[in-house]
Amino acid sequence: MSTGIATGLRPATSSLREITGLPPYLRLLAGTQFAFNTGFYAVLPYLAGHLGDGLGMAGWLVGLVLGLRTFSQQGLFVVGGALTDRYGPRPVVLAGCLLRIAGFAWLALAGSTATVVAAVVLTGFAAALFSPAVESETAREAVRREQADGTARARTLAVFSAAGQAGAFLGPLLGSLLLAAGGEWGFRAACAAGVAVFVAVLAGHAVLMPRRAAVHRDRPRGGVRHLARNPRFLVLCLTYSTWLLAYNQLYLALPAEVERATGSQAALGWLFALSSLLVVTAQIPLTRHAAVRLAPRTALAGGLALVAAGFALVPVTPGGPGGLLPGAVLVTLLTCGQMLLVPAARGLVPDLVDGRHLGLATGALSSVSGLAVLGGSAASGLLLQAPAPVLWGALAAVPLAGGVAARLLPSGRGGGEAGRAAG
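Residues numbered from 1 in each chain as written. Predicted model: local features only at pLDDT ≥ 70, side-chain atom pairs only at ≥ 80, totals over all residues. Heavy atoms only, no water.

Enquirer: Can you explain the nonpolar core? Please cite residues and give values.
Expert: In terms of nonpolar packing, the biggest core is built from 100 residues, with Leu236, Trp243, Leu254 and Phe311 touching the most fellow members. With ten residues, the top contributor of residues to this core is helix α15 (residues 325-352). Not counting chain neighbours up to four residues away, the residues in contact with leucine 254 comprise Gln249, Leu268, Leu271, Phe272, Gly327, Leu330 and Val331. (Core = buried A, V, L, I, M, F, W, Y, C linked by side-chain atoms within 4.5 Å. Buried < 20%, exposed > 50% of the residue type's maximum accessible area, 1.4 Å probe, protein only. Helix = DSSP H or I, 4+ residues; strand = E, 2+ residues; numbered from the N terminus. Contact = heavy atoms within 4.5 Å.)

Given below as structure tokens:
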């Protein structure tokens, strides 16, 4: 028994060592991601149920609202990335915290379709400011660390992902406890918890985040032209879009599957916790091995293949205890795919673009993906009423196509001139 416990604790202990071994600024960025995701995931997994059951919205409208949320976040990342290049990360991060506080407070009180949409868009735009600033800084520091001591950038980015998923692990559990208050008050309590977390993040960053100079003070128009004429970067955007559209089904198709199987969404928080626990314990060891054995494009294609398999297996997996086995299989395979593909995709960006436009490129990667989710979410909402083989087969086809497109990318082994420019 003691041997089994030690074996289970070893990945978590390894992850902790990796985090504490980061340089101070990277530790701050990883802690930022942890806190941000804690507040975010205390609310988001329960938004679909609030919109459908609490406010009585139709399925297609719920899908559209969730798509608008993703678009206002991912679709506008390019704005946050351009502002980060122009003004530096600190003011952009602080502005994002302020808007997220206002958005969650508004969402707690919103009672009509128009006010819900406005609040959801505001919370998404807050992340569109915050996340590109933090992610581009992390990528830039990961390249610097790689050049300084040889630590693969994918390993540094994996630590960042693991810290974020630790927050994503705690957030849904916190939301589940607050939802026990029942009805509208439960959802409002979850929103209030999100507000409290972001107030703490705002205060911490106002004190601790260094004032770094802007990387590129010229207007971003030239950077946009640079990205638009870069076919390899556009292929990466297309590939990453299929991943984000698939990942968005954790907030749309997965809640519907859990409710179909169990009659409620009470177990949803535990499935999110499963996903986050897998990342927290396995992300860093997996990336350490993948960085040595797999080219980034291979990791990207393999991760998307795992995601596709997760969707394809849902209609053929027995219900199992409590009817949750299909959902657990989906979450497990999607999370394993995520652990392979996200650090690989993020690590490719500095190799594909001029380092002066790294913030813009980081934002553009998510913005293109957000557009895909906006178009695909309403269609996914309509498909929820289709027979299971049709629904899950269509969802599986999307990441499978992305995996095929990933084979067009360069292998990504080692830093090219663009990667060195980022330093």
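Here the narrative resumes.
Enquirer: Let's hear about the pattern of salt bridges: which residues, and what values?
Expert: If the charged atoms of two oppositely charged side chains come close together, the side chains can form a pair. A full pass over the atoms with the stated rule returns five salt bridges. Close ionic contact of glutamate 135 with arginine 346 constitutes a salt bridge, the shortest N to O distance being 3.2 Å. Note that glutamate 135 is positioned in helix α7 (residues 113-149) and arginine 346 in helix α15, a separation of 211 residues in sequence. (Salt bridge = Lys/Arg side-chain N within 4 Å of Asp/Glu carboxyl O.)

Enquirer: Any chance you could break down the packing of aromatic side chains for me, citing the residues and the numbers?
Expert: Using the criterion set out here, one finds five aromatic pairs in the structure. Ring geometry for tryptophan 243 and tyrosine 247: centres 5.1 Å apart, planes at 45 degrees, overall tilted. You can see tryptophan 243 and its partner tyrosine 247 sitting in helix α11 (residues 231-247), four residues apart, about one turn around the helix. There is no split in this pair, since tryptophan 243 and tyrosine 247 are both buried. A centroid spacing of 6.1 Å and a plane angle of 25 degrees characterise the contact between phenylalanine 311 and tryptophan 392, whose relative ring orientation is stacked. Of the two residues, phenylalanine 311 sits in helix α14 (residues 296-313) while tryptophan 392 sits in helix α17 (residues 388-406), which places them 81 residues apart along the sequence. Chaining the aromatic ring pairs together yields one cluster made of Phe36, Phe104, Phe130 and Phe198. Geometry around phenylalanine 104 places arginine 100 over its ring, the cationic atom sitting 5.2 Å from the centre. (Phe/Tyr/Trp six-rings, centres within 6.5 Å; stacked < 30°, edge-to-face > 60°. Lys NZ or Arg CZ within 6 Å of the ring centre and 35° of its normal.)

Enquirer: So what's going on with the environment of asparagine 230? Which residues, and what values?
Expert: As for its placement among the helices and strands, asparagine 230 is situated in the loop between α10 (221-228) and α11. Under the relative-accessibility criterion, asparagine 230 is labelled buried at 9%. For the pair asparagine 230 and leucine 352, spaced 122 residues apart in the sequence, the C-alpha separation amounts to 8.1 Å. Among residues more than four places away in sequence, those in contact with asparagine 230 are Leu352 and Val353. One polar contact links the side chain of asparagine 230 to the main-chain amide nitrogen of phenylalanine 233, over a distance of 3.1 Å. (Polar contact = N/O pair within 3.5 Å; in protein donor to acceptor, adjacent residues only side chain to side chain.)

Enquirer: Could you give an account of the packing of α11 against α17, with specific residues and numbers?
Expert: The geometry of α11 relative to α17 is characterised by a closest axis approach of 8 Å and an angle of 160 degrees between their N-to-C directions. When the axes of α11 and α17 are compared, the pair comes out roughly antiparallel. Once α11 is placed against α17, the crossing between them reads as left-handed. For the pair α11 and α17, contact is made by Val235, Thr239, Thr242, Leu245 and Ala246 and by Val398, Pro399, Gly402, Ala405 and Ala406, respectively. Of the residues that constitute the contact of α11 with α17, the class distribution is seven nonpolar, three polar and no charged. (Axes fitted to C-alpha atoms, helices over the stretch in contact; angles between N-to-C directions. Parallel < 35°, antiparallel > 145°, perpendicular 65-115°, else oblique. Left-handed = near helix turned anticlockwise from the far one by under 90°. Nonpolar A, V, L, I, M, F, W, Y, C, P; charged D, E, K, R; others polar.)

Enquirer: So, the confidence of the model for the protein chain: which residues are in play, and what are the values?
Expert: In this model, the protein chain carries a mean pLDDT of 79, and residues with pLDDT of at least 70 account for 87%. Here residues 1-13 scores under 50 on pLDDT; set against residues more than four positions off or in separate chains, the count is three contacts. Contacts of residues 414-423 to residues separated by more than four positions or lying in other chains number 26 contacts, the stretch itself having pLDDT below 50. (pLDDT = per-residue confidence, 0-100.)

Enquirer: Account for the packing of helix α12 (residues 253-262) against helix α13 (residues 268-293), with residues named and values stated.
Expert: Two elements in contact, α12 and α13, have axes whose closest approach is 10 Å; the angle formed by their N-to-C orientations is 130 degrees. Put simply, α12 runs oblique to α13. Note on packing geometry: the crossing formed by α12 with α13 is right-handed. In this structure, α12 contributes Leu254, Pro255 and Val258 to the contact, and α13 contributes Leu268, Leu271 and Phe272.

Enquirer: Account for α12, naming residues and giving values.
Expert: Buried within α12 we find Ala253, Leu254, Pro255, Glu257 and Val258. On its buried face, α12 is in contact with α13, α15 and α17. A positive backbone phi angle near 90 degrees is found at glycine 263, which sits one or two residues after α12.

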